[in-house]
Amino acid sequence: MKKISLFILLITSYTLALSQSRGIGVTGTVADKKNAQPIEYATVQLFSKSPRSLIKTAITNKRGKFAIDSIATGTYIVSVNYMGLAAPEKEYNFTSTTNMGTIEMELATNTLSDVTVTAKKNMLNTSIDRKVYNTSQDIMAQSGSASDILRNVPSVEVDIEGNISLRGSGELMILINGRPSPLMGKNRAEVLQQIPANTIERIEVITNPSAKFRPDGTAGMINIVMKKNVKGGINGNVTGNLGNKERANASVTINYKAGKLNTFATYSIRQEERNRFGNINRQFTDSITAANTGFYTETYRSKGRPLSHLLRGGLDYTVDKLNTVGVSGSYLTTRLIRRDLYERTFFDKNNQVTQRLDRTRFAPAVEYEKDITAYWQHNYDKEGKELRAEFTVSSQSEDEKNYYSNQYFFPFASIVPDNNWVNQIEHNQQATLDYVNPIGDDAKMELGYASSFIQQDIDFYTENVNASTGKLEKNPFTSNRFKLNQQVHALYATYSKTSNQFSYSLGLRTEQSFIESNLVTRDSIIKNQYVNLFPTIHLSYKLTKGELQLNYSKRVNRPEGDDLNPFPEYLDPINLRSGNPLLKPEYIHSVEFGYQWKNNVFTVVPSIYYRYKYNGFTSITQKINDTAFLTTRQNLSNDQSAGFELVVSAKPTKTITANLSSNIFYNTINFGTTTAPDKKSILTMSTNFNASASITKNTMFQFTCIYRSARQSVQGFFEPTFVMNMGLKQEMLNNKLSVVATLSDVFSTLKQRSELNSKFLIQNQVNSRDAQVFYIGFNYRFGKTIKKADEKMQFDNSL
């Protein structure tokens, strides 16, 4: 009943907005003059003539289209901006709703006959349904990784281990160039720490995607768009950075575009230094009497030096004016040696030492990720009508060898080794077919098919000392193998229409899933299949000085191979982890109501949202014996959260820009087990603030502050965290060379404290890492571009 009341309240608020006054509208398309390709994220601005002041701003979509509504009739100056390109400002008299046709842009020069307007991209472009973060304007992107930049993106949070969450939920989908990628699976936290941020064009955050996108990820999705230069001729850049503790990274990007062919390639190398520290304190209790039965302390240090190589490349070929084909691929390899030390002490209930040992780990590992994508796109004579087919083949492998040594000091001195090897291989094939058909000037139909095939093979091998021979031998009880085969087939349809100030988009996606879990070690196969419907609704209404929007979507989070694998990984004999082959997918109903308001200084986007999740995943720790524990996954009965998010972008002066995002949400978890409370609730907040200031024409200073308040888990909570980063950039050689210095975690505050409470265990844990990283580096841009003579903008005044 509460959910229905909330929905009615949102609908009522939305309906009241329809009483606002209306004006005329201006639409059009922005394209590259040289190749007639549409330009996405160009800024279109309307200025009053006298006195000159900003009236309205619009951002073009992926087809280069823009729409400005609710303006009064009269004379305006039209200005179009995009980084590196320019178009002459034009004066225009609007007497009725007008389609301006195509506005062409070309390479910015200082000799255009008309007034030329050029501008940098805003770091953050906010709208009600998405947030777009342009990494080229973030100084940290020069030297940092994708994980470092994601910390600065509104609504996104990154914990000390690199795990990503969106509005407080870690269940989200991360896309690469708009498509799912095996890189963003189980090891995505590691992969994101290896992808250089300077190879990323922008990051898009969408909390309620349309039915066109896969519904995976209960919190929504993040789309990482990699750089792909579209300028004519040969151009590129070289980047190099040196950091403290022998950190270093470098990359080179080159692009060649001439006629119908566009090719691009990027190579980067990254040497990291990862030092982690922490301690654990446990109190064991009797699950019935709650009496104290003993204590345990642990101090650990972990050191790793990953070396990664990333190679990306591809080409696009325009067959004719209606057909384009292309192929692209990437190859990422990471080699890493981990050296860990765990100092452990066990106590009885009287705090007397019963056992003291050191456990060391030497773990060389190598990971490979590779993918290749081919596409064909057909554009019909009718503007906006297109058909696109795409096929992707990818794979990843992980080979990790762990050599352990347990050195006992008390009650008896001895050294006992144990080893294990983890070999994991995943193959993935994806095929999509997307069709877009505009219906008139104000409606659009999208239809499509998507399929995904996943094959996983997880082989875990362990060795322990044979008590009889004193030699290391295979342990048949802890060695295991697990295979997963999963197929998902989907059909979707969306219909969108705009009528004056009111727009709506309705979508439906149906999916058929087939899952086969093969417990090879037990010679057992568990099969599951299900059909699901995923509806989406997007409603919006343009106001005189803003926009209202109401969105709904149903989403799913499917268990991955590690979530379903019931065999524990015996990396640590007292801290085991395993999956659950009976784990069901978790589903969520998400409703969001937002408002956008703009003037010539501020963009303000407040929104409220409500999420209801059932069959939700959670980690549960269970007791195996007096000292060992097993953490596994179970389905929650339900999880509800409601929140308020505020995003404010400001440009108070020509030299200062600032972005503030804050998210406050109330979360309630209902869970009925013997090891967890029936119900838990907590109020959580996260805030991100960044600001940039141009000290001189060629010098920029930037800083970012990130705060995350306490948050809950089913069996405990996490304490607040705070971190601050800063950077300085100096442009030289006519903006061809940038020299950058960055410092992350300025005050060394990045620590994670957590507490776990159950009927048999009370645990306090502190994790920290060597996050104070200093880099100094450069970025040199080179190349020659091809351009044509000026042409005047063409306007189409027909309705």
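Residues numbered from 1 in each chain as written. Predicted model: local features only at pLDDT ≥ 70, side-chain atom pairs only at ≥ 80, totals over all residues. Heavy atoms only, no water.

### Remarks on the overall build of the protein
And step 1. The secondary structure content of the protein amounts to four helices and 48 strands.
And step 2. On C-alpha atoms alone, the protein measures out to a radius of gyration of 28 Å, which is about the 28 Å that the 2.2 N^0.38 rule sets for 799 residues.
And step 3. Expressed along its principal axes, the backbone C-alpha trace of the protein runs to roughly 90 × 60 × 45 Å.
And step 4. Looking at the protein as a whole, 52% of its 799 residues are labelled buried. (Helix = DSSP H or I, 4+ residues; strand = E, 2+ residues; numbered from the N terminus. Rg over C-alpha atoms; globule rule 2.2 N^0.38 Å. Buried < 20%, exposed > 50% of the residue type's maximum accessible area, 1.4 Å probe, protein only.)

### A look at a nonpolar patch on the surface
And step 1. On the surface, Leu-315, Tyr-317, Val-319, Val-327, Ile-372, Phe-391 and Val-393 cluster together to form a nonpolar patch covering roughly 530 Å² of accessible area.
And step 2. At the level of elements, strand S22 (307-318) and strand S25 (386-410) are the ones that each hand at least two residues to the nonpolar patch.
And step 3. Residue placement: Val-319 occurs in the loop between S22 and strand S23 (323-347).
And step 4. For Val-319, a relative accessible area of 36% translates into the label partly exposed. (Patch = residues over 30% accessible without salt bridge, like charges linked within 9 Å, V, L, I, M, F, W, Y side chains within 5 Å. Areas by Shrake-Rupley, 256 points an atom, 1.4 Å probe, with all protein chains shown as cover. Salt bridge = Lys/Arg side-chain N within 4 Å of Asp/Glu carboxyl O.)

### Re unusual backbone geometry
And step 1. Each neighbour pair has its own omega, and for Phe-410 with Pro-411 the value is 10°, a cis peptide bond.
And step 2. Among the secondary structure elements, Pro-411 is positioned in the loop between S25 and strand S26 (414-439).
And step 3. Of note in the backbone geometry, Ala-290 takes a positive phi value of approximately 65° without being a glycine.
And step 4. One can find Ala-290 in the loop between strand S20 (274-285) and strand S21 (292-304).

### Notes on the pairing of strand S3 (residues 54-59)
And step 1. Note: strand S2 (residues 43-48) against S3, five bridges, orientation antiparallel. Within S3, the residue paired with Gln-45 across the bridge is Thr-57.
And step 2. Counting the residues that bridge the hairpin from S2 to S3 gives five residues. (Pairing = 2+ DSSP bridges.)

### What about the side chain of Asn-208?
And step 1. In this structure, Asn-208 sits in the loop between strand S15 (200-206) and strand S16 (221-226).
And step 2. A polar contact of 2.5 Å, which involves the side chain of Asn-208, links it to the side chain of Ser-553.
And step 3. Side chain to side chain, Asn-208 and Ser-590 meet in a polar contact 3.2 Å long.
And step 4. Every residue in contact with Asn-208, bar those within four places of it in the chain, is listed here: His-538, Asn-551, Tyr-552, Ser-553, Ser-590 and Glu-592. (Polar contact = N/O pair within 3.5 Å; in protein donor to acceptor, adjacent residues only side chain to side chain. Contact = heavy atoms within 4.5 Å.)

### Comments concerning the environment of Ser-147
And step 1. With respect to the helices and strands, the residue Ser-147 is situated in helix H2 (residues 146-150).
And step 2. C-alpha separation for the pair Ser-147 and Gly-162, spaced 15 residues apart in sequence, amounts to 6.6 Å.
And step 3. With residues near it in sequence (within four places) discarded, Ser-147 still touches Val-158, Gly-162, Leu-192 and Gln-193.

### A closer look at the packing of aromatic side chains
And step 1. Counted according to the given criterion, the structure contains 17 aromatic pairs.
And step 2. A ring pair is formed by Tyr-92 and Phe-94, whose centres lie 4.8 Å apart and whose planes are at 45°; its orientation type is tilted.
And step 3. Judged by relative accessible area, Tyr-92 falls into the buried class, the value being 15%.
And step 4. For Phe-94, a relative accessible area of 0% gives the class buried.
And step 5. Ring centres of Phe-502 and Tyr-504 lie 6.0 Å apart, and the angle between their planes is 35°; on these two criteria the pair is classed as tilted.
And step 6. Residue Tyr-504 is classed as partly exposed on the basis of its relative accessible area, which comes to 24%.
And step 7. Through pairs of rings, three or more aromatic residues link up here, namely Phe-362, Tyr-403, Trp-421 and Tyr-461. (Phe/Tyr/Trp six-rings, centres within 6.5 Å; stacked < 30°, edge-to-face > 60°.)

### Re the pattern of salt bridges
Side chains carrying opposite charge are able to pair once their charged atoms draw close together.
And step 1. All told, the structure shown has 39 salt bridges when counted by the stated rule.
And step 2. The residue Arg-179 makes a salt bridge to Asp-434 at a minimum N-O spacing of 3.1 Å. Taken together, the residues span a long stretch of sequence, with Arg-179 in strand S14 (residues 179-180) and Asp-434 in strand S26 at a distance of 255 residues.
And step 3. You can call Arg-179 partly exposed: its relative accessible area is 21%.
And step 4. The residue Arg-633 makes a salt bridge to Asp-563 at a minimum N-O spacing of 3.4 Å. Note that Arg-633 is positioned in strand S37 (residues 629-635) and Asp-563 in helix H4 (residues 561-564), a separation of 70 residues in sequence.
And step 5. Of the residues examined, Asp-563 reaches a relative accessible area of 13% and is grouped as buried.
And step 6. Salt bridges sharing common partners tie together Arg-214, Asp-216, Arg-509, Glu-511 and Arg-558.

### Here we look at the confidence of the model for the protein
And step 1. Per-residue confidence for the protein gives a mean pLDDT of 85, with 90% of residues at or over 70.
And step 2. Throughout residues 787-799 the model reports pLDDT below 50, and contacts reaching past four residues in sequence, or to other chains, amount to 32 contacts. (pLDDT = per-residue confidence, 0-100.)

### Observations concerning the nonpolar core
And step 1. Within the largest apolar cluster, 33 residues are counted, with the highest numbers of intra-cluster contacts made by Ile-164 and Ile-222.
And step 2. In contact with Ile-222, other than residues within four places in its own chain, are Leu-150, Val-156, Ile-164, Leu-172, Met-173, Ile-174, Leu-175, Ile-203, Glu-204 and Val-205.
And step 3. The next biggest cluster of nonpolar side chains, apart from the first, holds 22 residues, and it includes Val-30, Val-44, Leu-46 and Ile-71. (Core = buried A, V, L, I, M, F, W, Y, C linked by side-chain atoms within 4.5 Å.)

### Quick notes on the sheet that holds strand S33 (residues 575-577)
And step 1. Read from one edge to the other, the open sheet built from three strands follows the order S33-S37-S36, with strand pairing classed as mixed. At either end of the open sheet lies a strand with only one pairing partner, and these are S33 and strand S36 (617-623). Sheet twist, expressed as the mean angle between neighbouring strand axes with direction ignored, is 30°.
And step 2. Both S33 and S37 contribute to a ladder of three bridges, which runs parallel. Residue Asn-575 lies in a different strand from S37, and its bridge partner there is Phe-629. (Axes fitted to C-alpha atoms, helices over the stretch in contact; angles between N-to-C directions.)

### Some words on the pairing of S15
And step 1. With six of its seven residues buried, S15 lies for the most part within the structure.
And step 2. As defined by bridge partners, strand S10 (residues 131-134) adjoins S15 across four bridges and the pair is classed as antiparallel. Bridge pairing links Tyr-133 to Ile-203 in S15.
And step 3. Note that S15 and S16 share six bridges and pair antiparallel. Bridging across to S16, Ile-203 finds its partner in Ile-224.

### Quick notes on the side chain of Ser-744
And step 1. Inspection of the secondary structure puts Ser-744 in the loop between strand S45 (737-743) and strand S46 (751-757).
And step 2. A relative accessible area of 14% places Ser-744 in the buried class.

### Describing the environment of Ala-490
And step 1. Its location among the elements puts Ala-490 in strand S29 (residues 480-499).
And step 2. Once the C-alpha coordinates of Ala-490 and Leu-533 are considered, the two residues, 43 residues apart in sequence, prove to be 9.7 Å apart.

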